[in-house]
Amino acid sequence: MAFSAYPDPVAAEAPIGIFDSGIGALSVLRHVTSRLPSDHVLCFADSGNAPYGGKTDAEIIERVLAIAAFLQTKKVKAIVVACNTATAAAIEALRQHYPEQIVVGVEPGVKPAAVFSKTGKAGVLATSSTIASNRFKALCDRITATTGVEILAQACPGLVDKIENGELDSPETIAMVESFVLPLLKNGADTIALGCTHYPFVEPLINAIAQRESKEAVTIIDTGEAVARQLERLLQQRGLQRLVGDPGRIEAYTTGSAASLRRAFADLLGLHPEVTALDSGESIKTSE
Ligand code: DGL
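This is a predicted model, so every value here is computed, not measured. (Residues numbered from 1 in each chain as written. Predicted model: local features only at pLDDT ≥ 70, side-chain atom pairs only at ≥ 80, totals over all residues. Heavy atoms only, no water.)

Participant: Any details on the sheet that holds strand β2 (residues 41–45)? Residues and values, ideally.
Facilitator: Strand order across the open sheet formed by six strands is β4-β3-β1-β2-β9-β10, with parallel pairing between neighbours. Two strands bound the open sheet, and with one partner strand each, they are β4 (102–104) and β10 (274–277). Strand-to-strand twist in this sheet, taken as the mean axis angle between neighbours without regard to direction, amounts to 20°. Taken strand by strand, helix α10 (residues 224–237) contacts β1 (16–20), β3 (78–81) and β4, and its axis lies near 165° from that of β4. (Pairing = 2+ DSSP bridges. Helix = DSSP H or I, 4+ residues; strand = E, 2+ residues; numbered from the N terminus. Axes fitted to C-alpha atoms, helices over the stretch in contact; angles between N-to-C directions. Contact = heavy atoms within 4.5 Å.)

Structure (structure tokens):
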């Protein structure tokens, strides 16, 4: 791997900012902290404004730029957009505003889903906004053109809310996930990409349904690890990876309830970071 910069231990002390509309940030954060255990991480969950899935592009861009402005006040060395919906709608705007900043987005895993498919049909679960986005359509067209694999996209309205509420295996969530996964299996998908960072938290449920319904093995793809790898590459290129041996700190902010985010960290990751609640989305913008 090429290193274009010497390590800069002072600049490396700055945190990595990871944000999502909500607790989807945690499914990416767990891969980042396992790959970069010495790095400090600042996690921002915009739960007071979740879900992003039904919002317009203009609304999502406004939220993303407000969060990025807040992260700048914390002097982050990189921004991870741990949200497929925000990546699709707003990553270009974010890069234009902060051309010097390391910005890593998430893609819905269409490419690995196509590569692993033996049936020639790959499923993707995502929010309605992601599926309606030009970025997603262009990605699917490109992958189908290069691999010949048909992409079956399934929107999952309501699922982000269930996961935000901690209902990972309630009867309603099970029925909801079945209604999204069964059509993909019925239409021949043997791979399912999790195109929303909330969905890895219901991966065991998706897996159980797939195993029950499908004779063939179904591969489920979570892109969190690929995001962490890309982040590591970019930090190394600029000499910004924190290399000292002691573990990095995690601090968290939310526009929702601090108690809920604390619970999510404890229940989903077994972590107990300091969590600060911000009054509202507006207060973030004015704190710039
Ligand atoms: N975790 C977000 C994503 O990856 C969820 C979007 C939403 O809030 O609807 O798309």
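Participant: Before we move on, can you summarise the nonpolar core with the specific residues and values?
Facilitator: The biggest cluster of nonpolar side chains holds 54 residues, and the ones touching the most others in it are L125 and Y199. For this core, the leading source of residues is helix α8 (residues 171–186), giving six residues. Excluding residues within four positions of it along the chain, Y199 makes contact with L125, A126, T127, C156, L159, V160, I163 and L194. If you look at the next biggest cluster of nonpolar residues, it comprises 24 residues, including Y52, A86, I91 and Y98. (Core = buried A, V, L, I, M, F, W, Y, C linked by side-chain atoms within 4.5 Å. Buried < 20%, exposed > 50% of the residue type's maximum accessible area, 1.4 Å probe, protein only.)

Participant: Outline the environment of A45, supporting the account with residue identities and numerical values.
Facilitator: Among the structural elements, A45 can be located in strand β2. Distance in space between the C-alpha atoms of A45 and P200 is 16 Å, their sequence separation being 155 residues. Setting aside residues up to four positions removed in sequence, A45 forms contacts with D20, S21, G22, Y253, T254, T255 and L261.

Participant: Describe the site of the ligand, and please don't skip the residues or the numbers.
Facilitator: Every one of the 13 residues lining the ligand counts as a neighbour, but S21, Y52, G53, T85 and T197 are closest to it. Y52 places a main-chain nitrogen or oxygen 2.7 Å from an oxygen atom of the ligand. Residue G53 places a main-chain N or O atom 2.7 Å away from an oxygen atom belonging to the ligand. Summarising the interface, the protein chains cover 99% of the accessible area of the ligand, which totals 300 Å² for the free molecule. Taken together, the residues that form the shell around the ligand break down as five nonpolar, seven polar and one charged. (Near = heavy atom within 4 Å. Polar contact = N/O pair within 3.5 Å; in protein donor to acceptor, adjacent residues only side chain to side chain. Areas by Shrake-Rupley, 256 points an atom, 1.4 Å probe, with all protein chains shown as cover. Nonpolar A, V, L, I, M, F, W, Y, C, P; charged D, E, K, R; others polar.)

Participant: Run through empty space enclosed by the protein, naming residues and quoting values.
Facilitator: In total, this model carries three cavities of 30 Å³ or more according to the counting rule given. In this structure, the largest cavity occupies an estimated 60 Å³ of space. What lines the largest cavity is N84, T87, A88, V106, E107, P108, T130, S133, R135, F136 and L139. Counting residues per element, the ones that place at least two in the lining of the largest cavity are α3 (84–97) and α6 (134–147). Of the residues contributing to the lining of the largest cavity, the split by class is five nonpolar, four polar and two charged. (1 Å grid on protein atoms, 1.4 Å probe; cavity = no way out; pocket = protein on both sides within 12 Å on 5 of 7 lines; lining within 4 Å. Points joined across faces, edges and corners; volume = space filled by probe spheres on them.)

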